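Observations on the three-dimensional arrangement
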Amino acid sequence: MLIDLKNIVKDYQVGLEAVHALRNVDLSIDKGEYVAVMGPSGSGKSTLMNILGCLDTPTSGIYALNKINVSTMNDDELAEIRNREIGFVFQTFNLLPRATALHNVELPLIYNGTPASQRREMAEKALEKVGLKDRMHHRPNELSGGQRQRVAIARALVNTPSIILADEPTGNLDTRTGDEIMEIFESIHDEGNTIIMVTHEEYIAEHSDRIVRLRDGMIERDEAA
Amino acid sequence: MRFLIEIWEELKIALGALRAHKLRAALTLLGIIVGVSTVIGIHSLTKGLDKAFGEQISSLGSDVLYIQKFSWVDREGWEKYRNRKDLTMKEVNALKKYATLTKVVSPSVRTQQTVKYGRKSLERVTITGTDEEKTGSAFPEFGRDLSALDVANRRDVCVIGWEVADKLFGDKDPVGERIKIAGYSFKIIGVLEKQGSVFGHTLDQEVRIPIGVFFKLFGRHRWITIAVKVENPELMEEAKDEIRGILRRVRGVPPDKEDDFSINQMDLIMDLYKRLTSALYAAAVGVGAISLLVGGIGIMNIMLVSVTERTREIGIRKAVGAKRRNILWQFLIESLVISGIGGLIGIGFGFGLGEIIAAISPLPATVSPLSIVLGIGFSSAVGIFFGIYPASKAARLNPINALHYE
């Protein structure tokens, strides 16, 4: 079991009102799965992603990642888990605007102390995998949307994490480019990577093996695609 | 190793950020440059002043006590001093006889006279009546000093200062010639080496004659200064006590009355100088500190802007594994780089400022390695002090909020 969520609750205080973003969520994901998380806005899917991605901790409940309880970790411990176990792909790409594609991909390696020469080699390899080796010295503003998202995917892959977490990865792309990105996800899934993808598009979710549907902070349905 | 890799990367990030905003960085630098150059400039000037003053003081000898009716530093009760009994040869002889902690006891009495050689004359020459003992460091360059026999026999001989020789004799050898002081003829037996000046007053325009001759010519009612060189400078206080005891006995001062003489010392002048200048220095340091404060606030301001602008970047870095300390260092290094560069340029300007002031005014400037340490120290301290708040603010950002910051 790669991911094991037990009884996860997440409450927020918005003004005077308590918002129950997640209510007693149980979810298990095995290594190598390709899971889509769906749900209308306000269903709690972003909150779930943040917790799965170790960007946030639950109010109560236990999250075991690779059999390690990460639900009570502090900021810096979570940073280390994110660095080692999780590769993020965001809707808005989230690349450093002043850095080249190569440097963007190297970023996670800087924070685990990989020496510069090794870093470059690993980053080049990751960029090669997404077909962008010839663009590695370009900055994000010199790349198309699809190319930027590929750089982001390379960055997510470079540290060989346990999970690739993608949050609406095709949301800012046209359909054709989106399809290309989905192909890349499929190929990295075929290599044995675990992928969790948040989307609200049915046809994107259909690329996955399993669809988890959220509503009002609870899992409404969890079924094979 | 890992720490070094991280710090190196953070330095590169910081330099990149500064390169991206050159004008902004330069304007921020300006504040630090002004602050540091003020501190350095003031420091090198005050150092120079202290050094020049110290050199002049020590040329007069710090182990020499000057016994006089008047105190050098206490000017309040002039009346009190004026009514004191004059010091006479009786006190000199008593000190010579009874003092054990002293090496040299030498009386001197001064007046100003015109000195003539043939048709040439020199006005306002200091005529010093003294004996064969001396506390100063000036020795004859030609001829000899006054001897015990010259003094005892009240011979009409004199030793002239370097400037007197230069002005009256030019290239001619003065030794053996005769000059006239207040109408009386003296034979020159020696010429003193050049001594230079103290506080703008030349020491070379002087003629020394036996003290007995002086009294005969100019009368006895003159202020005598008794210069005493102590045997061991470490026993300065004991020597003073001994002198005080001897003088009180000779002058018949009752035990319940205070001294009717003053024991003066160059240290007193030094103390006075320090008292006068420390207020000036404090004001100058205050100006420097305020400039640095302003520069530091500039750094803090620009770093807060930088953190806000790069909130999203911070979010990205945190998402891929940057810890608090990575973000903290990234911004702290940025402010340190600004303040450090400002400090280095400021040191250069400060030295320049010192040199310029030294060149166009009589104030001397001394460039010391301490100034460099001071400049780098102050600017780094400013960088850290004013950079830590923005940097820790950045380090504490919540990654989720930072990633969604627009």
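Residues numbered from 1 in each chain as written. Chains lettered and ligands numbered in written order. Predicted model: local features only at pLDDT ≥ 70, side-chain atom pairs only at ≥ 80, totals over all residues.

1. Some thoughts on the overall build of chain B
When helices and strands are tallied, chain B shows 13 helices and twelve strands. For chain B, the C-alpha radius of gyration of 33 Å lies well beyond 22 Å, the compact-globule estimate for 406 residues. By its C-alpha atoms, chain B is 105 × 60 × 40 Å across when sized along the principal axes. Looking at chain B as a whole, 35% of its 406 residues qualify as buried. Look at the contacts in chain B between residues 6 or more apart in sequence, and 82% of them connect residues 24 or more apart. (Helix = DSSP H or I, 4+ residues; strand = E, 2+ residues; numbered from the N terminus. Rg over C-alpha atoms; globule rule 2.2 N^0.38 Å. Buried ≥ 20, exposed ≤ 12 C-beta atoms within 10 Å, placed from the backbone. Contact = placed C-beta atoms within 7 Å.)

2. So, the overall build of chain A
Check the secondary structure of chain A and you find seven helices and ten strands. Against the 2.2 N^0.38 benchmark of 17 Å for 225 residues, chain A shows a C-alpha radius of gyration of 17 Å, consistent with a compact globule. The buried share of chain A, taken over its 225 residues, is 48%. The long-range fraction of contacts in chain A, counting pairs at least 24 apart against all pairs at least 6 apart in sequence, stands at 67%.

3. Side note on the interface of chain A and chain B
Counting from both sides, the interface comprises 21 residues of chain A and, opposite them, 20 residues of chain B. Those elements that provide at least two residues to the side of chain A that touches chain B are α2 (75–85) and α3 (101–110) of chain A. Examining the composition of the side of chain A that touches chain B, we find that six residues originate from one element, α2 of chain A, more than from any other. For the side of chain A that touches chain B, the residue count by class is nine nonpolar, five polar and seven charged. (Nonpolar A, V, L, I, M, F, W, Y, C, P; charged D, E, K, R; others polar.)

4. Some thoughts on the sheet that holds strand β8 (residues 194–198) of chain A
Residue and element names in this part refer to chain A. Read from one edge of the open sheet, six strands run β6-β7-β8-β3-β9-β10, paired in mixed fashion. Each of the sheet's edge strands pairs with one partner strand only, and the pair in question is β6 (86–89) and β10 (218–224). Averaged over neighbouring strand pairs, the angle between their axes works out to 20° when direction is ignored. The sheet contact formed by strand β3 (residues 34–38) and strand β9 (residues 210–215) spans four bridges and is parallel. The residue of β9 that forms the bridge with Met-38 is Arg-213. The strands touched by helix α5 (residues 145–157) are β6 and β7 (163–167); relative to β6, the strand with the most contacts, the crossing angle is about 170°. (Pairing = 2+ DSSP bridges. Axes fitted to C-alpha atoms, helices over the stretch in contact; angles between N-to-C directions.)

5. Regarding the environment of Leu-280 of chain B
Residues and elements named next belong to chain B. Among the structural elements, Leu-280 can be located in helix α9 (residues 266–309). Exposure remark for Leu-280: the 12 C-beta atoms within 10 Å place this residue in the exposed category. Separated by 263 residues in the primary sequence, Leu-280 and Ala-17 place their C-alpha atoms 41 Å from one another.

6. With respect to the packing of helix α11 (residues 324–360) of chain B against helix α12 (residues 369–395) of chain B
Residue and element names in this part refer to chain B. Between α11 and α12, the least distance of the axes is 7 Å, while the angle of their chain directions is 150°. The orientation of α11 with respect to α12, classified from their angle, is roughly antiparallel. Here α11 runs over α12; the crossing is right-handed. Taken together, the residues of the contact of α11 with α12 break down into 18 nonpolar, 14 polar and one charged. (Parallel < 35°, antiparallel > 145°, perpendicular 65-115°, else oblique. Left-handed = near helix turned anticlockwise from the far one by under 90°.)

7. Focus: the sheet that holds strand β5 (residues 68–69) of chain A
Residues and elements named next belong to chain A. A sheet is described by the order of its strands in space; here four strands give the open sequence β2-β1-β4-β5, paired in antiparallel fashion. The open sheet has two edge strands with one neighbour each: β2 (17–29) and β5. Relative to β2, strand β1 (residues 3–14) is paired through nine bridges, and the arrangement is antiparallel. Its bridge partner being in β2, Asp-11 is matched across the sheet by His-20.

8. Considering the pairing of β8 of chain A
Residues and elements named next belong to chain A. For β8, the buried fraction is high: five of the five residues fall into the buried class. Neither face of β8 is open: one carries Thr-194, Ile-196 and Val-198, the other Ile-195 and Met-197, and all of them are buried. Pairing analysis gives four bridges linking β3 to β8, with the strands arranged parallel. If you follow Ala-36 over to β8, its bridge partner there is Met-197. Note that β7 and β8 share five bridges and pair parallel.

9. Topic: the nonpolar core
Within the largest apolar cluster, 109 residues are counted, with the highest numbers of intra-cluster contacts made by Val-37, Val-105, Leu-127, Ala-154, Leu-165 and Ile-196 of chain A. In this view, Ile-196 of chain A contacts Ile-29, Val-35, Val-37, Leu-52, Ile-163 and Leu-165 of chain A; residues no more than four positions away in its chain are not counted. If you look at the next biggest cluster of nonpolar residues, it comprises 26 residues, including Val-159, Val-191, Ile-211 and Val-213 of chain B. (Core = buried A, V, L, I, M, F, W, Y, C linked by C-beta atoms within 7 Å.)

10. Focus on the confidence of the model for chain B
Confidence in the prediction for chain B averages 86 pLDDT; 96% of positions are at 70 or higher. Overall fold confidence for the complex sits at a pTM of 0.71, while the interface term, ipTM, reaches 0.95. (pLDDT = per-residue confidence, 0-100.)

11. Details of helix α1 (residues 45–52) of chain A
Most of α1 of chain A sits inside the fold, with eight of its eight residues counted as buried. A positive backbone phi angle near 60° is found at Cys-54 of chain A, which sits one or two residues after α1 of chain A.

12. Remarks on the pairing of β10 of chain A
Residue and element names in this part refer to chain A. Pairing analysis gives six bridges linking β9 to β10, with the strands arranged antiparallel. Within β10, the residue paired with Leu-214 across the bridge is Ile-219. Connecting β9 to the antiparallel partner β10 that follows it, the hairpin turn spans two residues, and Asp-216 within it adopts a positive phi of roughly 50°.

13. Considering the domain arrangement of chain B
Many structure descriptions define interface size as the accessible area lost when the parts assemble. Assigned domains of chain B: these are domain 1 (2–56 + 271–403) and domain 2 (85–260). Its C-alpha centre places domain 1 of chain B at a distance of 56 Å from the equivalent point of domain 2 of chain B. (Domains from an automatic or database assignment.)

14. Section: the environment of Ser-371 of chain B
All names here are of chain B. Mapping Ser-371 onto the fold places it in helix α12. Accessibility expressed as a C-beta count within 10 Å gives 22 for Ser-371, which makes it buried. Sequence separation between Ser-371 and Lys-47 is 324 residues; the distance between their C-alpha atoms is 9.6 Å. Each residue touching Ser-371, except ones within four places of it in the same chain, is listed here: Ile-40, His-43, Ser-44, Ile-347 and Gly-350.

15. Here we look at unusual backbone geometry
All names here are of chain A. Positive phi, normally seen in glycine, also occurs at Asn-24, with a value near 50°. Take Asn-24: it is sitting in strand β2. Given 14 C-beta atoms within 10 Å, Asn-24 falls into the partly exposed group. One non-glycine residue with positive phi stands out, namely Asn-66, at about 55°. Tracing the backbone shows Asn-66 in the loop between β4 (60–65) and β5.

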